[in-house]
Amino acid sequence: MAARVSLRLRVSVAFGLGALVLAAGLSLITYELTRDNLLTRREDTSLARVLFNATQVSRLIDDETTEEELRELLQNLYTPLGARPVIRFGDLWLSANPVEFSEPQIDPLLKDTVAGGRAAQMRYVVGETPFAVIGIPYFDINAAYYEAAPLDDIAATLSSLLIALLTGSAITVLVGIGIGIWAAQRAVRPLTDIGEAAEAIAAGDLNTRLEGADPDLERLSRSFNQMASALQDRIERDARFASNVSHELRSPLMTLTASLEVLRKRQSDLPVRSQTALHLLSADLEHFKQLVADLLEISRYDVGAAALETEDFEILEFVQQAARASGQSPLLTHSVHAAGLVVRADRRRLAQVMANLLENAHNHGAGATQIHVERLESTLEIAVIDAGPGVPHEDHDIIFDRFARGRRQGPGARAGGTGLGLALVSEHVRLHGGSIRVTDRGDGQPGACFVVALPLDGQ
């Protein structure tokens, strides 16, 4: 299905087309009215002068008039606009300027009409010059008077007018598009504000509200704010419930832990089946304790109580310590620019990020094989690589969701985990203004690569 054109573009195009139609219509009307007005005035002027000259000629010629007298008469005619007079006297054609206009340039249809005893007028082009040619017959003698008035000055005027109108139309269209863009921005700005507010709420900023909305969208803004408030109240209630439950569970967990310690001291006195049950109970209790701790930590993010406690530390040394604390021995590599790099971040939260990623690699990827630290222009990237089965592509977007354990399987994979480890990693990294992603290994071998990207803030 083809992508729909945006509202801003459609409004801008509509304004542009409207301006084009309006400008084209006005330009066409202006051009035609001006053209008709100029030609009509010129033809009226030419006709009055032709009638005057034809009258003068009719008074001065008769059947006895010689060719020399006719030529002298042509030279004395009043032609202030550069008109070209032509006299037909019987079969004789005489022109005041044979080079520019003479009998061959008179249209045959015009000549036939005048020869039939009717005055006529035609507009046509001779060479590259437009003319208005008028023919007047004489009834008492076999003669006719023609006069061609050039229209090149009108053509030049109309050409200049056409250029001006086209330029004005282009400017009008551009102005129309500009107004359309401005109007579209004004029209969709409230919708943009609503979209940005929705994105902010989706990103975790539950205090976002619409302020000073357009009066026409006041009802929508009020409903949106009510929905956001209800959503915030619901999330905060759920977060407080999880936090309260987690706190309430800590006391019995401490009691159970103390009781298990007593049993462990007497483990050798217990039957084999009881020792197995004690071992399973100890493992489940540790899992339960970790789950409660993770729930308490993640509930702080839900109620907006999480805050960074930043300090400066050397990143490569920090990564080495995190690897040793995990009990694994991955290969530590780094780019040239990462050597000796000191970052400012929350050491405790980043330590939990590394611990969770290394534990995830231990549980699902037979342990981390490599940790690579690389410094880009304004970003620090820490990649934890394992040699497990990898993460299916359909799980790349959901693996950082809460209680999303994914479908990683393999010979070295272990069951376990609370389902909150990677979700906590995402929250810790997001609190630093960074991001995390999972990809396949870049060397073609099976395995997963979890990449933590942290901003360096101009370091």
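Up top you'll find the structure we're talking about.
The sections below set out a description of the structure shown in this document. Everything numeric in this text was worked out from a predicted model, so none of it was measured.

Points about the packing of helix α1 (residues 7-60) against helix α4 (residues 152-202)
In a packed pair of helices, the relevant descriptors are the angle between the two axes and the axis-to-axis distance.
Phase 1 of the analysis: Contact geometry of α1 with α4 gives a least axis separation of 7 Å together with a crossing angle of 160°. Regarding the angle of α1 to α4, the classification is roughly antiparallel. In this structure, α1 meets α4 at a crossing whose hand is right-handed.
Phase 2 of the analysis: Residue composition of the contact of α1 with α4, grouped by class: 22 nonpolar, 12 polar and 4 charged.

Considerations on the nonpolar core
Phase 1 of the analysis: Core analysis: the biggest nonpolar cluster contains 36 residues, and Ile315, Val319, Met354, Leu357, Leu380 and Phe450 have the highest contact counts within it.
Phase 2 of the analysis: At the level of elements, α7 (315-326), β8 (342-345), α8 (347-364), β9 (368-375), β10 (379-386), α9 (421-431), β11 (435-440) and β12 (448-455) are the ones that each hand at least two residues to this core.
Phase 3 of the analysis: What Ile315 contacts, discounting residues up to four positions off in sequence, is Ala338, Leu341, Val343, Val373, Leu380 and Ile382.
Phase 4 of the analysis: The next biggest cluster of nonpolar side chains, apart from the first, holds 17 residues, and it includes Val57, Leu94, Ile134 and Tyr145.

A look at the sheet that holds β10
Phase 1 of the analysis: Spatial strand order, β7-β9-β10-β12-β11: 5 strands in an open sheet with mixed pairing. The outermost strands of the open sheet, each flanked by one partner alone, are β7 (331-334) and β11. Averaged over all pairs of adjacent strands, the angle between their axes in this sheet comes to 15°, without regard to strand direction.
Phase 2 of the analysis: Along the sheet, α7 makes contact with β7, β9 and β10, crossing β9 at roughly 165°.

Observations concerning the side chain of Asp346
Phase 1 of the analysis: By secondary structure assignment, the location of Asp346 is in the loop between β8 and α8.
Phase 2 of the analysis: On the basis of relative accessible area, Asp346 is assigned to the buried category, the value being 3%.
Phase 3 of the analysis: From its side chain, Asp346 meets the backbone nitrogen of Arg349 in a polar contact 3.3 Å long.
Phase 4 of the analysis: If we skip the residues at most four places from it in the chain, Asp346 touches Ala307, Leu308, Glu309, Thr310 and His432.

Focus: the sheet that holds strand β4 (residues 129-138)
Phase 1 of the analysis: Spatially, 5 strands are ordered β2-β1-β5-β4-β3 in an open sheet, and the strand pairing comes out antiparallel. Only two strands of the sheet have a single partner each, and these edge strands are β2 (92-95) and β3 (120-126). Each strand of the sheet is rotated relative to its neighbour by a mean of 20°, with strand direction disregarded.
Phase 2 of the analysis: Across 8 bridges, the pairing between β4 and strand β5 (residues 143-150) is antiparallel. Among the inter-strand pairings, Gly135 is bridged to a residue of β5, identified as Tyr146.
Phase 3 of the analysis: Its contacts with the sheet put α1 on β1 (84-89), β3, β4 and β5, and the angle it makes with β5 is roughly 150°.

Re the environment of Ala132
Phase 1 of the analysis: Relative to the helices and strands, Ala132 is located in strand β4.
Phase 2 of the analysis: Classification of Ala132 as buried rests on a relative accessible area of 3%.
Phase 3 of the analysis: Each C-alpha atom, one on Ala132 and one on Ala83, is 9.5 Å from the other, the two residues being 49 residues apart in sequence.
Phase 4 of the analysis: If we ignore the near neighbours within four places in the chain, the residues touching Ala132 are Met122, Arg123, Glu147, Ala148, Ala149 and Leu151.

Quick look at the packing of α7 against α8
Phase 1 of the analysis: Between α7 and α8, the shortest axis-to-axis distance is 10 Å and the interhelical angle comes to 50°. Considering their axes alone, α7 and α8 lie oblique with respect to each other. In terms of crossing hand, the pair formed by α7 and α8 is right-handed. For the pair α7 and α8, contact is made by Phe318, Val319, Gln321, Ala322, Ala323 and Ser326 and by Arg347, Leu350, Ala351, Met354 and Leu358, respectively.
Phase 2 of the analysis: Tallied by class, residues from the contact of α7 with α8 come to 8 nonpolar, 2 polar and 1 charged.

A look at the packing of aromatic side chains
Phase 1 of the analysis: Taken as a whole and assessed by the stated rule, the structure comprises 4 aromatic pairs.
Phase 2 of the analysis: Seen from their ring centres, Trp93 and Tyr146 are 5.5 Å apart, and the 35° between their planes marks the pair as tilted. Taken together, the residues span a long stretch of sequence, with Trp93 in strand β2 and Tyr146 in strand β5 at a distance of 53 residues.
Phase 3 of the analysis: Note on Phe313 and Phe318: the rings are 5.1 Å apart at their centroids and 45° apart in plane angle, and the pair reads as tilted.
Phase 4 of the analysis: For the cation-ring pair, Lys111 lies above Trp93, with the distance from its terminal atom to the ring centre recorded as 5.7 Å.

Description of a nonpolar patch on the surface
Phase 1 of the analysis: A surface patch of nonpolar side chains, about 490 Å² in accessible area, is lined by Phe15, Ile171, Val175, Ile179 and Trp182.
Phase 2 of the analysis: For the nonpolar patch, the element with the highest residue contribution is α4, accounting for 4 residues.
Phase 3 of the analysis: If you trace the backbone, Val175 turns up in helix α4.
Phase 4 of the analysis: Given the relative accessible area of 45%, Val175 is considered partly exposed.

What counts and what doesn't
- Residues numbered from 1 in each chain as written.
- Predicted model: local features only at pLDDT ≥ 70, side-chain atom pairs only at ≥ 80, totals over all residues.
- Heavy atoms only, no water.
- Axes fitted to C-alpha atoms, helices over the stretch in contact; angles between N-to-C directions.
- Helix = DSSP H or I, 4+ residues; strand = E, 2+ residues; numbered from the N terminus.
- Parallel < 35°, antiparallel > 145°, perpendicular 65-115°, else oblique.
- Left-handed = near helix turned anticlockwise from the far one by under 90°.
- Nonpolar A, V, L, I, M, F, W, Y, C, P; charged D, E, K, R; others polar.
- Core = buried A, V, L, I, M, F, W, Y, C linked by side-chain atoms within 4.5 Å.
- Buried < 20%, exposed > 50% of the residue type's maximum accessible area, 1.4 Å probe, protein only.
- Contact = heavy atoms within 4.5 Å.
- Pairing = 2+ DSSP bridges.
- Polar contact = N/O pair within 3.5 Å; in protein donor to acceptor, adjacent residues only side chain to side chain.
- Phe/Tyr/Trp six-rings, centres within 6.5 Å; stacked < 30°, edge-to-face > 60°.
- Lys NZ or Arg CZ within 6 Å of the ring centre and 35° of its normal.
- Patch = residues over 30% accessible without salt bridge, like charges linked within 9 Å, V, L, I, M, F, W, Y side chains within 5 Å.
- Areas by Shrake-Rupley, 256 points an atom, 1.4 Å probe, with all protein chains shown as cover.
- Salt bridge = Lys/Arg side-chain N within 4 Å of Asp/Glu carboxyl O.

Keep in mind these values describe shape, not function.
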